[in-house]
Amino acid sequence: MQASIEIFLNSVKEICPDISEEYLLYFASKVSVQELNKKEYFAHAEKVQKSIGFITKGLVRAYFIDPDGDEKTVGFYAEGDYATHYPAFIAQKPSRYFIQCLEPTSMICLSFENQQLLYKYSPIFERYGRIVAEEVLKAQQNRIESFIFETPEERYLNFMQSNSALFNRISLSHLCSFLGIERQSLTRIRQRISHQ
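Each chain has its residues counted from 1, following the order in which its sequence is written. With pLDDT at 70 or above as the cut-off, local features in this predicted model cover only qualifying residues; side-chain atom pairs require 80 or more to be listed or tallied, and sums for whole chains, interfaces and linings still use all residues. Side-chain calculation: all heavy atoms of the structure are included, whereas hydrogens and water are not.

### Comments concerning the pairing of strand β7 (residues 98-101)
- Alternating residues of β7 divide into Phe98 and Gln100 and Ile99 and Cys101, and every residue in both groups is buried.
- Strand pairing is assigned whenever DSSP identifies at least 2 bridges connecting the two strands. Under the DSSP-based scheme used, a helix requires at least four consecutive residues in state H or I and a strand at least two consecutive residues in state E, with every element numbered from the N terminus. Examined bridge by bridge, strand β4 (residues 59-65) and β7 share four bridges and lie antiparallel to one another. Paired with Tyr63 across the bridge in β7 is Phe98. Here's how the labels work: a residue is buried when its accessible area is under 20% of the maximum for its type, exposed when over 50%, partly exposed in between, all with a 1.4 Å probe on protein chains only.

Dropping the structure here:
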């Protein structure tokens, strides 16, 4: 438990190097540690996400269920990432996504109420929150643009390049869902790449 908090506080220091020990201790007093098993859910669609989760160990995926009843993966989040549907979290509105553990996962959880308390306590916490929000926004924008400007093969290659550590941790069906590629198409893409 203490190791998870230390990992989290180190990540805070990376983003805000000038944060004092006093403020770090205050931050630590406002979070909790949650341990989840594989296949457990951190967040449910149609429910308000009460806390944002910083992953210190493990892997989760975010997905929704389309009108045909198929699961569509929209993101993978591993160590050092926040697991959240951020727009719904900050508005405290029901999310459209499920967040499910693909591995046993440890998270540092910060409730919406404590997030707001931290923001009022010091501008440094507001700065931290802004930088985290900017990173979440950039990741979401990159995903949207990948479907607008990239071919399925380019999406696959870019995923491999930027997420090579995840490749052996996620199933092929989840990867296909995330990339928006049929399994047979992905097989052809991989064969073509291997022959280049």
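This is not the end of the story, as more comes after the structure.
### Concerning the sheet that holds strand β8 (residues 105-111)
- A sheet is described by the order of its strands in space; here four strands give the open sequence β1-β8-β3-β6, paired in antiparallel fashion. Edge strands, defined here as strands with exactly one partner in the open sheet, are β1 (31-36) and β6 (82-83).
- Examined bridge by bridge, β1 and β8 share six bridges and lie antiparallel to one another. By the bridge assignment for β8, Ser32 is matched with Cys109.

### So, a nonpolar patch on the surface
- Nonpolar side chains collect at one region of the surface, where Ile144, Ile148 and Phe149 lie side by side and expose about 350 Å² of accessible area between them.
- For Phe149, the position within the fold is in helix α5 (residues 123-149). Each patch is assembled from residues with relative accessible area greater than 30% and no salt bridge, linking like charges that lie within 9 Å and nonpolar side chains (Val, Leu, Ile, Met, Phe, Trp, Tyr) that lie within 5 Å. Note on areas: these come from Shrake-Rupley sampling with a 1.4 Å probe, and a residue is covered only by the protein chains present in the view. Salt bridges, as used here, are contacts in which a Lys or Arg side-chain nitrogen is within 4 Å of a carboxyl oxygen on Asp or Glu.

### Digging into the nonpolar core
- Grouping buried Ala, Val, Leu, Ile, Met, Phe, Trp, Tyr and Cys residues that are joined through side-chain atoms within 4.5 Å yields what is termed a nonpolar core. Of all hydrophobic cores here, the largest spans 24 residues; its most connected members are Phe8, Val12, Ile19, Phe27, Tyr82 and Tyr128.
- For this core, the secondary-structure elements that each account for two or more residues are α1 (2-15), α2 (21-29), β3 (51-57), α3 (86-91), β8, α4 (112-121) and α5.
- At five residues, the largest contribution of residues to this core is made by α5.
- Pairs of residues are marked as contacts when any of their non-hydrogen atoms sit within 4.5 Å. Tyr82 has contacts with Phe8, Ile52, Gly53, Phe54, Tyr77, Tyr128 and Val132, leaving out every residue within four places of it along the chain.
- Residues Phe76, Tyr156, Leu166 and Ile170 belong to the second largest nonpolar core, which totals 16 residues.

### Details of the packing of helix α7 (residues 172-179) against helix α8 (residues 183-194)
- Axis lines are fitted to C-alpha atoms, over the contacting stretch for helices. Their N-to-C directions set the angle, which ranges from 0 to 180 degrees. For the pair α7 and α8, the least separation of the axes is 10 Å and the interaxial angle reads 95°. Between α7 and α8, the interaxial angle falls into the category roughly perpendicular. Along its contact with α7, which presents Leu172, Ser173, Leu175 and Cys176, the element α8 presents Arg183, Leu186 and Arg190.
- Residues are grouped as follows: Ala, Val, Leu, Ile, Met, Phe, Trp, Tyr, Cys and Pro are nonpolar; Asp, Glu, Lys and Arg are charged; every other residue, Gly included, is polar. Partitioned by chemical class, the residues of the contact of α7 with α8 number four nonpolar, one polar and two charged. Any angle between 65 and 115 degrees counts as roughly perpendicular, while under 35 counts as roughly parallel, over 145 as roughly antiparallel, and the rest as oblique.

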